[in-house]
Amino acid sequence: MLLSNTKKKPTGLFSQKSRLIFGRMRSIFSWLYWAFRPLIKAILRKVTHLCELQRICYSTLSGAKRSLQVEFSLEHSKQKNIKEMIAYLDDLSNRRKLRENLTEALSRSVILILTAKSVNPKIHFQFVKSMSRCVEHIWGYKQLINELCVLSKESYDCDNEEHEEKLLKLWNLLCPNTPLSSRVSRQWKYIGFQGNDPKTDFRGMGILGLDNLLFFAEEYSNLAQAVLQHSRHPRQGFAFAILGINISSMAFNLLLEGHAKTHFFNISRRMPNIDAFHHFYCYLFCEFDKFWIKSNPSNIMDFLSIRQKFEIVIHERLKDENCELSIKNAISNVSLVWHRGLKIV
């Protein structure tokens, strides 16, 4: 048998060189963009008689596409009035005071924009409405992150009556026909806590983890019951409560890293609020339940790898500027899995 002397191409080296070339080209294009951006804006202003913010508001539909472009434009503005407005709104959202001062904040912000861009509000009244909505989206999202951060840092306290009432309510919603024998009990393991006292499991996400679980069990009680039953499967089961706290962490990080802006900007007519986050959490919980079952895990040891794959799927969905993660779709998906005959105990 004759052996071929043909040498194989070093594909690894070739792809490495390609990535290097692509990276350099991207850097060059990026430099060119930022170098000529002021000139391009000036030319477009001269031709259209509209500033960049006006062009965005008049050429794109309301929602993520418009609000994201407005946010980008404001963040890269070098005008003093715009920087002053950003500092003012950042301060309000960081102190979680935007909601209670919303009317004044929107009025002041729009006036600063109109002044900076020399826009006549009597002629461009639609621009005023569009900019108000974008500002509400952008800084409402920032305030929501700060509100969630406070909840995630609030530790569960056994001496806090409100915390204790929430925890006992969670049990009663998930197990309405089974009285809890005592506050510290092995029964908590049935709904997916690790030990006899659930308080230790909330250390990662604080009271936010409990609030999310409680909202799911209360707002979507039948759905929560179905997912809880799925979690009791002898081989494909999982710890319901621990998964819920993991989903809280995932949902919070998606907001924190900005990936969830598309969803929240599309579904929110006004400022995104805690309820919107709870619904987002419920969607993720239900979708993970469906994804877990479809993945056909050997046992709970597959959890980490399946969770990572699930996050990739959610990241891809959130890249779509038209993304709206509807809990209604998640409900139908869980029902479909349920009716396909998943055996539970």
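Residues numbered from 1 in each chain as written. Predicted model: local features only at pLDDT ≥ 70, side-chain atom pairs only at ≥ 80, totals over all residues. Heavy atoms only, no water.

Q: Before we go on, may I ask you to explain the environment of K65 in this structure?
A: The topology assignment puts K65 in helix α3 (residues 64-75). Considered as a pair, K65 and K261 are 196 residues apart in the sequence and their alpha carbons are 10.0 Å apart. With residues near it in sequence (within four places) discarded, K65 still touches T60 and E321. (Helix = DSSP H or I, 4+ residues; strand = E, 2+ residues; numbered from the N terminus. Contact = heavy atoms within 4.5 Å.)

Q: In this structure, what is going on with the packing of aromatic side chains? I would like to understand it.
A: The geometry of an aromatic ring pair is captured by two quantities: the separation of the ring centres and the angle between the planes. Summed over all chains, the structure comprises 17 aromatic pairs. Arranged with centres 5.8 Å apart and planes meeting at 85°, the rings of Y281 and F285 form a pair that is edge-to-face. Highlighted residues: Y281 and F285, both in helix α12 (residues 274-295), separated by 4 residues, approximately one helical turn. Since its relative accessible area comes to 0%, F285 is described here as buried. Among the aromatic side chains, those forming a connected cluster through ring pairs are F238, F288, F291, W292, F303 and F310. We note R108 situated over the ring of Y88; from NZ or CZ to the ring centre the distance is 3.9 Å. (Phe/Tyr/Trp six-rings, centres within 6.5 Å; stacked < 30°, edge-to-face > 60°. Buried < 20%, exposed > 50% of the residue type's maximum accessible area, 1.4 Å probe, protein only. Lys NZ or Arg CZ within 6 Å of the ring centre and 35° of its normal.)

Q: Just checking my understanding: could you explain the nonpolar core for this structure?
A: Nonpolar side chains tend to gather and get buried jointly when the protein is soluble and globular. If you look at the biggest cluster of nonpolar residues, it comprises 93 residues, and the most contacted ones within it are L213, F216, L255 and F280. If you tally residues by element for this core, the top one is α12, at 12 residues. (Core = buried A, V, L, I, M, F, W, Y, C linked by side-chain atoms within 4.5 Å.)

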